Amino acid sequence: MITDEDLVREGAALDDRFGAGRADAFGRALPGIVADLTARWGLRHGSLYDSGATSVVLSVETSRGVPAVLKVSPDADFLSRQAAMLRHLAPTGRAPAVLAEDAAAGAVLLERILPGDTLDSTRTAPPTPETWAALLRDLHATSPSGVHDVLADRCEEMFERIGERRTRPQVRPHVPDALWQRAVEDCRQLLRDDREDAVIHGDLHLGNVLHGGERGLVVIDPKLCVGDRCFDMVDFVVVDGAPGQMVPRARELASLVDLDPDRLLAWSRVNAVVTAVSRITWHGPGPRTDALLALARSA
């Protein structure tokens, strides 16, 4: 059973994205918000999920015993936009259905995907390139109508946020200025050369993809934007191994979705730097970050 203390703690843990003051205030308010939502929507809540950077996430059941997921965020506008993105992806069957929304409270109730394990928690059985390609084809076939964000803006926000982490004393020696600046400039050149107007998930790492049983892979937490399809493939390319495994993986995936493999590799090198910064920030350097940075330097 989730206690008020659990909710306060989880809300305050969003401080990396929202700052300590805003996160603490959200945590203190969260028990009342959840109590109001569960009463109005007839929910029974059971346990907390590992929350991401922007929301507190709870497993719940409806009054009819239907499993669902309740998300609450201090950024109500962000969560409302995310609900709209999930509705946009609904025709693909590759995203959870939105069951209810309270935009003012910064809350959304979603279909719970079963079994629902994220791909990063089941790395012993990673998806095949064919399975990943099928997911990508479905997602990228959606219409760009109504999607107003563009990949260039998404990347600039990413570089601002990750760039701050990169300057921290525990990170900068491992990701020097020259390597970081090359990643930023390579990304901007790829964006200048981009001629695609595909709808992309925008944050398609393995933690945002669920095992959906017979339904196949299902995505969560989209940041939909219009741009280069390669951006949705880079985390699969660098999922594990050394550059000697990453490069053939990129070439195989590119051939399955009819993309230029060299372009996918260029995007993957950019992403390798970004991912390395995040991993060193939270976990310190190690063999995994060494492999990512080796790929980044291989151009």
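Residues numbered from 1 in each chain as written. Predicted model: local features only at pLDDT ≥ 70, side-chain atom pairs only at ≥ 80, totals over all residues. Heavy atoms only, no water.

Per an unreviewed UniProt entry, the recorded name for the chain is Streptomycin 6-kinase, and the organism is Ornithinicoccus hortensis.

If you check the domain split of the chain, you get domain 1 (4-112) and domain 2 (118-297). If you average the C-alpha positions of domain 1 and of domain 2, the two centres end up 26 Å apart. Interface of domain 1 and domain 2: buried area, both sides summed, is about 1,600 Å²; carbon and sulfur atoms make up 54% of it. Contact with domain 2 buries surface across domain 1, with Met-85, His-88 and Arg-94 losing the most and accounting together for 43% of the total. For the interface between domain 1 and domain 2, the tally reads four salt bridges. With its nearest N and O atoms 2.6 Å apart, the salt bridge here joins Lys-71 to Asp-221. Where domain 1 meets domain 2, there are nine residue pairs in polar contact (both at pLDDT 80 or more). Broken down by element, the side of domain 1 that touches domain 2 gets its largest block of residues, six residues, from helix 4 (residues 76-89). (Domains from an automatic or database assignment. Buried area = accessible area lost by both parts, 1.4 Å probe. Salt bridge = Lys/Arg side-chain N within 4 Å of Asp/Glu carboxyl O. Polar contact = N/O pair within 3.5 Å; in protein donor to acceptor, adjacent residues only side chain to side chain. Helix = DSSP H or I, 4+ residues; strand = E, 2+ residues; numbered from the N terminus.)

Evaluation of the coordinates by the stated rule reveals three aromatic pairs. Taking 5.3 Å as the distance between ring centres and 15° as the angle between the ring planes, the aromatic pair formed by Trp-132 and Phe-236 counts as stacked. In this pair, Trp-132 is assigned in helix 5 (residues 129-140) and Phe-236 in helix 8 (residues 234-237), connecting sequence segments 104 residues apart. The pair Trp-132 / Phe-236 is uniform in exposure class, with both members buried. Their ring planes at 85° and their centres at 5.6 Å tell us that Phe-159 and Trp-180 sit as a pair that is edge-to-face. Of this pair, Phe-159 sits in helix 6 (residues 151-166) while Trp-180 is found in helix 7 (residues 177-193), placing the two residues 21 residues apart along the sequence. Residues Phe-159 and Trp-180 agree in their burial class; the two are buried. (Phe/Tyr/Trp six-rings, centres within 6.5 Å; stacked < 30°, edge-to-face > 60°. Buried < 20%, exposed > 50% of the residue type's maximum accessible area, 1.4 Å probe, protein only.)

Turning our eyes to something else, we now look at the environment of Ser-80. Following the sequence through the fold, Ser-80 ends up in helix 4. For Ser-80, a relative accessible area of 25% corresponds to the partly exposed category. Residues Ser-80 and Ile-33, 47 residues apart in the sequence, show an inter-C-alpha distance of 16 Å. Not counting the four nearest positions on each side in its chain, Ser-80 is found in contact with Glu-101 and Ala-103. (Contact = heavy atoms within 4.5 Å.)

In this structure, the amide linkage connecting Leu-114 to the following residue, Pro-115, adopts the cis form with an omega of 5°. With respect to the element layout, Pro-115 can be found in the loop between strand 5 (107-111) and helix 5. A positive phi is found at Asp-221, a non-glycine position, where the angle reads about 50°. Mapping Asp-221 onto the fold places it in the loop between strand 8 (217-219) and strand 9 (225-227). Of note, the phi angle at Asp-258 is positive, near 60°, even though the residue is not glycine. Looking at where Asp-258 falls in the secondary structure, it is placed in the loop between helix 9 (243-256) and helix 10 (261-283).

Here we come to the side chain of Arg-94. Within the element layout of this structure, Arg-94 appears in the loop between helix 4 and strand 4 (98-102). There is a polar contact of 2.9 Å between the side chain of Arg-94 and the side chain of Asp-138. Once residues lying within four places of it in the same chain are set aside, the contact partners of Arg-94 are Leu-89, Ala-134, Leu-135, Asp-138, Leu-139, Arg-215, Gly-216, Leu-217, Val-218 and Val-219.

Attention shifts here to the packing of helix 10 against helix 11 (residues 287-296). Axis angle and axis distance: for two packed helices, these are the angle between their axes and the distance between the axes, and together they describe the pair. Interaxial distance between helix 10 and helix 11 falls to 8 Å at its minimum, and their mutual angle equals 150°. One element, helix 10, and the other, helix 11, form an angle in the roughly antiparallel class. Crossing geometry of helix 10 relative to helix 11 is assigned as left-handed. Between helix 10, through Ser-268, Arg-269, Ala-272, Val-273, Thr-275, Ala-276, Arg-279 and Ile-280, and helix 11, the contact on the second element is made entirely by Arg-288, Thr-289, Leu-292, Leu-293, Leu-295 and Ala-296. Across the contact of helix 10 with helix 11, the residue classes break down as eight nonpolar, three polar and three charged. (Axes fitted to C-alpha atoms, helices over the stretch in contact; angles between N-to-C directions. Parallel < 35°, antiparallel > 145°, perpendicular 65-115°, else oblique. Left-handed = near helix turned anticlockwise from the far one by under 90°. Nonpolar A, V, L, I, M, F, W, Y, C, P; charged D, E, K, R; others polar.)

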